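Coordinate inspection notes
Each chain, letter by letter, is given below.
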Amino acid sequence: MKVIPYGKQAIDQSDIDAVVKTLTGDFLTQGPKIQEFEERFSSYVGSEYAVAVSNATAGLHIGVMALGLKPGERVITTPITFAASANCVRYAGGEVWFADIDRDSYVLSLESTRRLIESKPNGFFKGIIPVDFGGLPVNLEDFRTLAFEHDLWMIEDACHAPGGYFYNSKGIKQMCGNAEYADLGIFSFHPVKHIACGEGGMVTTNSKQLYEKLIRLRTHGITKENMIQNHGGWYYEMQELGFNYRLTDIQAALGITQLAKNIEGVKKRNKIADRYKKAFNGKIKYQYLPEGVLNAHHLFIIEVNDRKGLYDFLRTQKIFTQVHYIPVHTLPYYKKIGYGNADLKNAENYYLKCLSLPMYPTLTEEEQRFVIEKTLYFVNG
Ligand SMILES: *Cc1c(COP(=O)(O)O)cnc(C)c1O
């Protein structure tokens, strides 16, 4: 019996052909594939602009910089996320404050965020970074209202959710990362995520100004537009300090063929989720799905009392589950700097019980039946 991991990329011949074709072309980086990937991605999620970057962490970093975060300024995010959602604020010298999660949907709680903001003087916080955790879209329309009341910017960390959406109060579909309510959307193309480029990321926005800033920050802060001087055709200017956060054309070629398969992939993920729910209904708690929301299902998360027992038992069956995530505020680095010491009970209780079961489009029905059978066997004792 082979190992069943919690997540897995799927590379087929069309992916291989696209990469090989790019390898033998004129550009290995910053060529036509980058632009094509950016155009296809923005049209997929419904944003005006998209900027391909070397990974989502880089995208988050230049995202907070483009929004003007300065040292000492404070940003709120969820403790139940990958550390990168918080780290980007630290790169810019900012402070990370955590609000609690919703007990059933596991995403950043609007009420907890509101309480934290309103417990401080006006202007105390500068931004919010909600995360579409596990693939579940955050209701950003509600968060936008809160952000507007307190003059905050907002970055949607949509790394788990390409293809996810929610319906707003007017009944209009809002794709994750469409930048309708958030200033920026962030995606990852790490192989455990929906779209695999090896490494890679995308920043989406509807703001031309932010787009131009992101383009400069991606390449050292160098520009040929609006220059102060011009010495000739060779001349460029570095007007601010940026980075080399570029994606290669080789990766972008892979991103294009992977993106084309995502609609089908999200459908398959939801089919798998439906089978889990049917088997576990009334027996095992799983991530709550609010009305009018499509979970893109990067993960399928359950809660069980003996989580370590189940994790260890499933490993003996070659089912490799995972825990998402160790609450960020309890990681030694964040514990040491501990801003706010907020009451994050929901996040801490969630962490004691959560487990992510295998979830990827190529998980077979037979493999899934095996996972369900072993999980129920352990839980029922
Ligand atoms: C994976 C992930 C990131 C970071 O993505 P990289 O492309 O590996 O830098 C950021 N936020 C969340 C929620 C993630 O899951």
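Residues numbered from 1 in each chain as written. Predicted model: local features only at pLDDT ≥ 70, side-chain atom pairs only at ≥ 80, totals over all residues. Heavy atoms only, no water.

Here is the rule we go by: UniProt positions are given in the numbering used here, feature names are shortened, and annotations may be inferred rather than shown by experiment.
As recorded in an unreviewed UniProt entry, the chain goes by UDP-4-amino-4, 6-dideoxy-N-acetyl-beta-L-altrosamine transaminase and comes from Ulvibacterium marinum. UniProt, in the comment section headed Sequence similarities (unreviewed entry), describes the chain in these words: "Belongs to the DegT/DnrJ/EryC1 family."

1. As for the sheet that holds strand E4 (residues 125-129)
Going by this rule: Two strands are said to pair when DSSP picks up at least two bridges between them. What counts as a helix is a DSSP run of H or I of at least four residues, what counts as a strand is a run of E of at least two, and both are numbered from the N terminus. Here an angle of 0 to 180 degrees is reported between the N-to-C directions of two axes, which are lines fitted to C-alpha atoms, with helices fitted over the stretch in contact. Two residues form a contact once any of their heavy atoms are found within 4.5 Å.
The strand order across the open sheet formed by seven strands is E1-E9-E8-E5-E4-E2-E3, and the pairing between neighbours is mixed. Each having just a single partner strand, strand E1 (49-53) and strand E3 (95-98) make up the two edges of the open sheet. On average, each strand axis in the sheet is tilted by 25° relative to the strand beside it, whichever way the strands run. Pairing of strand E8 (residues 184-188) with strand E9 (residues 201-205), which is carried by four bridges, proceeds in the antiparallel orientation. Within E9, the position partnered with Ile186 by the bridge is Val203. Contacting E1, E8 and E9, helix H2 (residues 32-45) crosses the sheet at an angle of about 130° to E1.

2. Remarks on the domain arrangement of the chain
Basically, it comes down to this: All the domain ranges listed were derived from an automatic or database domain assignment. When two components associate, each loses some accessible surface as probed by a 1.4 Å sphere; the sum of these losses over both components is called the buried area. We define a salt bridge as a side-chain nitrogen of Lys or Arg found within 4 Å of a carboxyl oxygen belonging to Asp or Glu. Within 3.5 Å is the distance limit for a polar contact, defined as a pair of N or O atoms, with the added protein rule that one can donate a hydrogen and the other accept it, and that residues adjacent in sequence qualify only through two side-chain atoms. Each residue is assigned to one of three groups, with Ala, Val, Leu, Ile, Met, Phe, Trp, Tyr, Cys and Pro labelled nonpolar, Asp, Glu, Lys and Arg labelled charged, and all others, Gly among them, labelled polar.
Domain boundaries in the chain define domain 1 (13-261) and domain 2 (263-379). Here the C-alpha centre of domain 2 lies 25 Å away from the C-alpha centre of domain 1. Domain 1 puts 40 residues into the contact, and the matching count from domain 2 is 40 residues. Carbon and sulfur atoms make up 62% of the area that domain 1 and domain 2 hide from each other, which totals about 3,300 Å². The tally of links from domain 1 across to domain 2 stands at one salt bridge. Summed over the shared surface of domain 1 and domain 2, the number is 26 residue pairs in polar contact (both at pLDDT 80 or more). Elements that contribute at least two residues to the side of domain 1 that touches domain 2 include exactly helix H4 (84-91), E3 and strand E6 (165-167). Of the residues forming the side of domain 1 that touches domain 2, the biggest block, four residues, is contributed by E3. Class assignment of the residues belonging to the side of domain 1 that touches domain 2 gives a composition of 22 nonpolar, 10 polar and eight charged.

3. Some words on the UniProt feature "active site" (unreviewed entry) in the chain
Those residues carrying the UniProt feature "active site" (unreviewed entry) are Lys193 in this numbering. Position of Lys193 among the secondary structure elements: in the loop between E8 and E9. Beyond its immediate stretch of four places on either side in the chain, Lys193 contacts Cys159, His160, Ser188, Arg269 and His298.

4. Re the UniProt feature "modified residue: N6-(pyridoxal phosphate)lysine" (unreviewed entry) in the chain
For the record, the criterion: Each residue's exposure class comes from its accessible area (1.4 Å probe, protein chains only) as a fraction of the maximum for that residue type: buried when under 20%, exposed when over 50%, partly exposed otherwise.
Per the UniProt annotation, the sites labelled "modified residue: N6-(pyridoxal phosphate)lysine" (unreviewed entry) are Lys193. Judged by its relative accessible area of 14%, Lys193 falls in the buried class.

5. Side note on the environment of Glu240
Note that Glu240 resides in the loop between strand E11 (237-238) and helix H8 (249-260). Overall, Glu240 belongs to the partly exposed group, its relative accessible area being 21%. Spatially, the C-alpha atoms of Glu240 and Tyr276 are 50 Å apart, while their sequence positions differ by 36 residues. With near-sequence residues (within four places) excluded, Glu240 lies in contact with Lys213, Arg216, Leu217, His220 and Gly221. Separated by 3.5 Å, the side chains of Glu240 and Lys213 make a polar contact.

6. What to know about a nonpolar patch on the surface
For the record, the criterion: In this analysis, a patch consists of residues with relative accessible area above 30% that form no salt bridge, clustered at 9 Å for like charges and at 5 Å for the nonpolar side chains Val, Leu, Ile, Met, Phe, Trp and Tyr. Method for areas: the Shrake-Rupley scheme with a 1.4 Å probe, in which residue coverage is limited to the protein chains shown.
A cluster of nonpolar side chains, contributed by Ile11, Ile16 and Val20, occupies part of the molecular surface with about 240 Å² of accessible area. Mapping Ile11 onto the fold places it in the segment before helix H1 (13-23). By relative accessible area, Ile11 is classed as partly exposed at 44%.

7. Observations concerning unusual backbone geometry
Each neighbour pair has its own omega, and for His324 with Tyr325 the value is -5°, a cis peptide bond. Here Tyr325 shows up in the loop between helix H10 (307-316) and helix H11 (332-337). Of note, the phi angle at Asp151 is positive, near 55°, even though the residue is not glycine. Its location among the elements puts Asp151 in the loop between helix H6 (140-149) and strand E5 (153-157). The backbone phi angle of Ala179 is positive, close to 60°, even though this residue is not glycine. Checked against the element boundaries, Ala179 lands in the loop between strand E7 (173-175) and E8.

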